[in-house]
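# Report on the structure
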Amino acid sequence: MARILKKEQWSETIFSMLIDAKDVAKASKAGQFIILIPREHGERVPLTIADSNPDEGWVQIVFQVVGKSTLELSRMNEGDELYSFVGPLGMPSEVEKFDGKVVMIGGGIGIAPVHPIAKTLKEMGNHVISIIGARTADLLIMEDKMKDASTELIIATDDGSKGKKGFVNLVLEELLATEADNVSKIWAIGPPIMMKACVESAKKFNKPIIVSLNPIMVDGTGMCGACRVTVGGETKFACIDGPEFDGALVDFDELMARQKYYADQEKKALELYKAKEGIA
Amino acid sequence: MAERLKASEKFKRDRVPMREQDPKERVKNFNEVPYGYSLEEAIAEAQRCLQCDPAACVEGCPADVRIPQFIDKILDEDIEGAFKEIKLTNALPAVCGRVCPQEEQCEGACVMNKKGKPIAIGRLERFVADWARDNGIVDEQIDEGTKKNKRVAIVGSGPAGLACAADLANLGYDVTIFEALHKPGGVLIYGIPEFRLPKSIVQYEVEQIKKLGVKIYTDYVIGYIKTVDELVEEYDAVFLANGAGAPSFLGIPGENLNGVYSASEFLTRSNLMRAFDFPEYDTPIKVGKRVVVIGGGNVAMDAVRTAKRLGAEEAIIVYRRSRAEMPARAEEIEHAEAEGIKFELLTNPIRVVGDENGNVKGLECVRMELGEPDESGRRRPVPIEGSNFIMDVDNVIIAIGQNANPIVARTATGVETNKWGYFVADEETGKTTHPKVWAGGDIVTGAATVILAVGAGKKAAKSIHETLSKES
């Protein structure tokens, strides 16, 4: 099952893998995610699908090393089998042919999940304006793929080392200042703080914006409720009701607080793993 | 060969108690609480059986276990024979011997209740199953000649799915189970704690079912990777046994604070993901000094006893009715009490109190008193005005039941669900409104017991067999 077909390192901490998972590739739609366990004794790691190819039978995942599990995953190699790989999970993106243009915003590692949605929207005949951003040029991923998936591509970096200088939400505001009337819908995926800022920017122009949430999950099938988020004052399960929600209704502060609950254990697990494996 | 006692002597004998881990010790580990009978103890208990014919105990068993026959084999000291008697109808004896509410089933029906205590049928079943496992007794393989050219798909590898799969495999069907999680067993793996049902035992019984030729695809979520409609196309029959699956919350303020768990999440982390062994296993779990579990059922008892073992200095049940109304098995409540679990009865939570970082620091409750009986026949608890108080707590675990998980049902065209989202299925056959689809277990009844799910799986297997036999 789930063998790593191809592994690429895109920056110091960002990796891409193509996973051999024919049935998942066949069934997956833009906006859905998978959960994997790198090795036995591991935890369940949810990752949004970056791309898939039903003919060749692979699913692409893109991840950033942030803790023990992603570090362990990054050290696995082509040919290795993942202990567990399940998907697709979650509701697909609600894509259609919109009257106006669509703006797709991807921040950092969030560019990966934006890609299949942009690609699908473009295939449906939409005019897709993508804004992709990273802290610095070296961390910018999937530029070529996003170019293919977009009608127009705008690049931004926090330090100005590539494209426009500044945060993606400010680039969005700049765009909406002239284009707002022509824009039907916006998607923003990235760190919660970035999505929150993009939602504020979209609100200024009264534009609908969809965000994809990444709370802590366990089973990912609606069974445990770990991923509950408050949307429009109601509790929703990101795994089966989402992961995409109307950004204007999301309680981002609660999401960010909940993401930190296991910070101590995550740190401990990472330190122990590094010590055991002799990683500096 | 053990001595057969006269009836008068049987009545004089007391039920043989089961030895168990000292409560002071067991709250520090996840090892199983009872040790199980020795051969001598099993024989002594078996000697009490009246060997009724017809046997009331069998009537009380949803798995139709041939109880007098297997007990008689114990007296012959033919434990392998006893095992084969049980296995004729029950594929999960080591599981059922541990987690069935026997007092409501076989033992509740036992004639000995009139004179004293019932025969410890569950303990005997467990003894036989454990003996067979320890002695490497292999199930009889299916005769190639009985193999049928019919394929059955089962959604979910919990007790209903496994029981159905085993019966159909024994009848010669080609059976495939689709399991959403990475390990088979359903609630037996993710829900019931190690100290009540060791996971190695579940794995063993699942392996035996696989040896019958049953294929189990894990990491395969029907509803996403494949629809029920597709299964209906590809298979001759489909049995939906995906479990209730979605935790209920109270709908009170503060439920999304850090430190509030559903019992499903808490138990899944500890049981399936083995967070109790963090950092040996990567999944974390957080248990503070004072943990409250809300609810009075078996799942609440499992959660509160798990919390205690994970280091809670105080682990407390908060339940809005009185002890008499608690739905948990008496044995589970007694085990919890022996382990120092506290009970705040006639107490209803109304708000989870958080600190400035979004972590739980308290639970506001109100005291209740019992009023008139409600539709369930239990006296309705009503709040006592002005009795509000705040308990200092670090974790709140909500164990108040489950809702129907929609992901399977929404891809099952023509399979009717009721207003709560559960499949509508005939109680005797498991037949749904779709001619090729059967359903059983918690996804039909709402959260119930392992043995009722086993019973539903068996009934569906019988009905599927009858239906498919007519077709050929």
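Above this text is the structure in question.
Not measured: the values here are computed from a predicted model. (Residues numbered from 1 in each chain as written. Chains lettered and ligands numbered in written order. Predicted model: local features only at pLDDT ≥ 70, side-chain atom pairs only at ≥ 80, totals over all residues. Heavy atoms only, no water.)

Check the secondary structure of chain A and you find nine helices and 15 strands. Computed over the C-alpha atoms, the radius of gyration of chain A is 18 Å, within 12% of the 19 Å expected from 2.2 N^0.38 for a compact globule of 280 residues. Dimensions along the principal axes, computed over C-alpha positions, put chain A at roughly 55 × 40 × 35 Å. Taken over 280 residues, chain A has a buried fraction of 58%. Within chain A, contacts between residues at least 6 apart in sequence are counted, and of these 65% link residues at least 24 apart. Accessible surface computed for chain A: about 11,500 Å², of which carbon and sulfur atoms make up 49%. Computing the positive centroid from 33 side-chain charges and the negative centroid from 41, chain A places the two 2 Å apart. (Helix = DSSP H or I, 4+ residues; strand = E, 2+ residues; numbered from the N terminus. Rg over C-alpha atoms; globule rule 2.2 N^0.38 Å. Buried < 20%, exposed > 50% of the residue type's maximum accessible area, 1.4 Å probe, protein only. Contact = heavy atoms within 4.5 Å. Areas by Shrake-Rupley, 256 points an atom, 1.4 Å probe, with all protein chains shown as cover. Lys, Arg positive; Asp, Glu negative; His and termini not counted. Charge placed at Lys NZ, Arg CZ, Asp CG, Glu CD.)

Quick look at unusual backbone geometry now. A cis amide bond links A:Gly87 with the next residue in sequence, A:Pro88, at an omega value of -10°. As for its placement among the helices and strands, A:Pro88 is situated in strand β6 (residues 84–89). Residue A:Gly242 is joined to A:Pro243 through a cis peptide bond whose omega torsion reads 15°. With respect to the secondary-structure elements, A:Pro243 resides in the loop between α7 (238–241) and β15 (244–246). Located in the positive-phi region is B:Gln51, a residue other than glycine, with phi close to 55°. One can find B:Gln51 in the loop between α3 (39–46) and α4 (56–59). With a phi close to 60°, B:Arg274 is a non-glycine residue in the positive phi region. Along the polypeptide, B:Arg274 turns up in the loop between α14 (263–272) and β7 (290–294).

Below, the discussion takes up the sheet that holds strand β9 (residues 342–344) of chain B. Residues and elements named next belong to chain B. Spatially, the five strands line up as an open sheet ordered β6-β14-β7-β8-β9, and their pairing is parallel. Edge positions in the sheet fall to β6 (260–262) and β9, since each has one partner strand and no second. Mean inter-strand twist for the sheet, computed between neighbouring axes without regard to direction, equals 25°. In the sheet, strand β8 (residues 314–318) pairs with β9 via three bridges, with the strands oriented parallel. Note on β9: the bridge partner recorded for Val318 is Glu344. (Pairing = 2+ DSSP bridges. Axes fitted to C-alpha atoms, helices over the stretch in contact; angles between N-to-C directions.)

Glancing now at the state of the cysteines. Counting across every chain of the model gives zero disulfides over all chains. Not engaged in a disulfide, the cysteine A:Cys224 finds its nearest cysteine sulfur in A:Cys227; these two sulfurs lie 6.3 Å apart. Of the residues examined, A:Cys224 reaches a relative accessible area of 3% and is grouped as buried. B:Cys49 takes part in no disulfide bond, and the closest cysteine sulfur to it belongs to B:Cys52, at a distance of 6.5 Å. (Disulfide = S-S within 2.5 Å.)

Membership of the largest hydrophobic core comes to 84 residues, with the highest contact counts inside it found for B:Ile67, B:Phe70, B:Ile74, B:Val128, B:Phe239 and B:Ile464. Residues within four places of B:Ile74 in sequence aside, it is in contact with B:Ala42, B:Ile43, B:Ala46, B:Ile79, B:Ala82, B:Leu124 and B:Val128. Formed by 45 residues, the second largest nonpolar core is a distinct cluster that contains A:Ala2, A:Phe15, A:Phe63 and B:Val408. (Core = buried A, V, L, I, M, F, W, Y, C linked by side-chain atoms within 4.5 Å.)

Taken residue by residue, the interface counts 46 residues in chain A and 43 residues in chain B. Between chain A and chain B the total buried area reaches about 3,700 Å² when both faces are included, carbon and sulfur atoms providing 56% of it. Summed over the three residues of chain A that lose the most area to chain B, namely A:His41, A:Met223 and A:Tyr261, the buried surface amounts to 21% of that side. At the junction of chain A with chain B, the criterion picks out one salt bridge. The closest approach of N and O atoms between B:Asp282 and A:Lys68, which form a salt bridge, is 2.9 Å. (Buried area = accessible area lost by both parts, 1.4 Å probe. Salt bridge = Lys/Arg side-chain N within 4 Å of Asp/Glu carboxyl O.)

Here we take up the sheet that holds strand β10 (residues 164–165) of chain A. All names here are of chain A. Here we have seven strands laid out as an open sheet, ordered β10-β9-β8-β7-β11-β12-β15, and mixed in their pairing. This sheet does not close on itself; its edge strands, each paired only once, are β10 and β15. Direction of pairing for strand β7 (residues 101–107) relative to strand β8 (residues 128–134): parallel, over a ladder of six bridges. Considered in β8, the bridge of Met104 is made with Ser130. Set on the sheet, helix α3 (residues 111–123) makes contact with β7, β8, β11 (183–189) and β15; between it and β7 the angle comes to about 165°.

Here we take up the packing of helix α6 (residues 192–204) of chain A against helix α8 (residues 252–259) of chain A. Residues and elements named next belong to chain A. At their nearest, the axes of α6 and α8 sit 10 Å apart, and the two run at 180° to each other. Taken together, the axes of α6 and α8 are roughly antiparallel relative to one another. Side by side, α6 and α8 meet where Pro192, Ile193, Met195, Lys196 and Val199 of the first sit next to Phe252, Asp253, Leu255, Met256 and Gln259 of the second. Along the lines of polarity and charge, the residues of the contact of α6 with α8 split into seven nonpolar, one polar and two charged. (Parallel < 35°, antiparallel > 145°, perpendicular 65-115°, else oblique. Nonpolar A, V, L, I, M, F, W, Y, C, P; charged D, E, K, R; others polar.)

Glancing now at the pairing of β8(A). Along any regular strand the residues' side chains alternate between the sheet's two faces. All names here are of chain A. For β8, the buried fraction is high: seven of the seven residues fall into the buried class. With α3 bridging β7 and the parallel β8, this β-α-β connection has right-handed handedness. Pairing analysis gives six bridges linking β8 to strand β9 (residues 152–157), with the strands arranged parallel. Residue pairing in the sheet places Gly133 in a bridge with Ala156 of β9. For the segment spanning β8, helix α4 (residues 143–149) and β9, crossover handedness is right-handed. (Right-handed = clockwise from strand over helix to strand, strands pointing away.)

All right, on to the environment of A:Glu56 then. Residue and element names in this part refer to chain A. Residue position: Glu56 is located in the loop between β4 (45–53) and β5 (58–64). Under the relative-accessibility criterion, Glu56 is labelled exposed at 56%. When the C-alpha atoms of Glu56 and Ala21 are compared, they prove to be 9.4 Å apart, with 35 residues separating the residues in sequence. In terms of polar contacts, Glu56 uses its side chain to reach the side chain of Trp58, at 2.8 Å. (Polar contact = N/O pair within 3.5 Å; in protein donor to acceptor, adjacent residues only side chain to side chain.)

Once that is clear, we can look at the environment of B:Ala44. Residue and element names in this part refer to chain B. Secondary-structure assignment places Ala44 in helix α3. For the pair Ala44 and Lys150, spaced 106 residues apart in the sequence, the C-alpha separation amounts to 46 Å. The contacts of Ala44, once residues within four sequence positions are left out, are Arg13 and Val16.

Let us now look at the packing of aromatic side chains. One pass over the structure, following the stated rule, counts twelve aromatic pairs over all chains. Seen in terms of ring centroids, B:Tyr217 and B:Tyr220 are 5.8 Å apart; in terms of plane orientation they differ by 40°. Their pairing is tilted. Judged by its relative accessible area of 40%, B:Tyr217 falls in the partly exposed class. For B:Tyr220, a relative accessible area of 9% corresponds to the buried category. Taken together, the ring pairs connect A:Tyr261, A:Tyr262, B:Tyr261 and B:Phe266 into an aromatic cluster. A cation sits over an aromatic face here: B:Lys148 above B:Tyr173, 5.2 Å from the ring centre. Over the ring of B:Tyr235 we find B:Arg151, and its NZ or CZ is 4.3 Å from the ring centre. (Phe/Tyr/Trp six-rings, centres within 6.5 Å; stacked < 30°, edge-to-face > 60°. Lys NZ or Arg CZ within 6 Å of the ring centre and 35° of its normal.)

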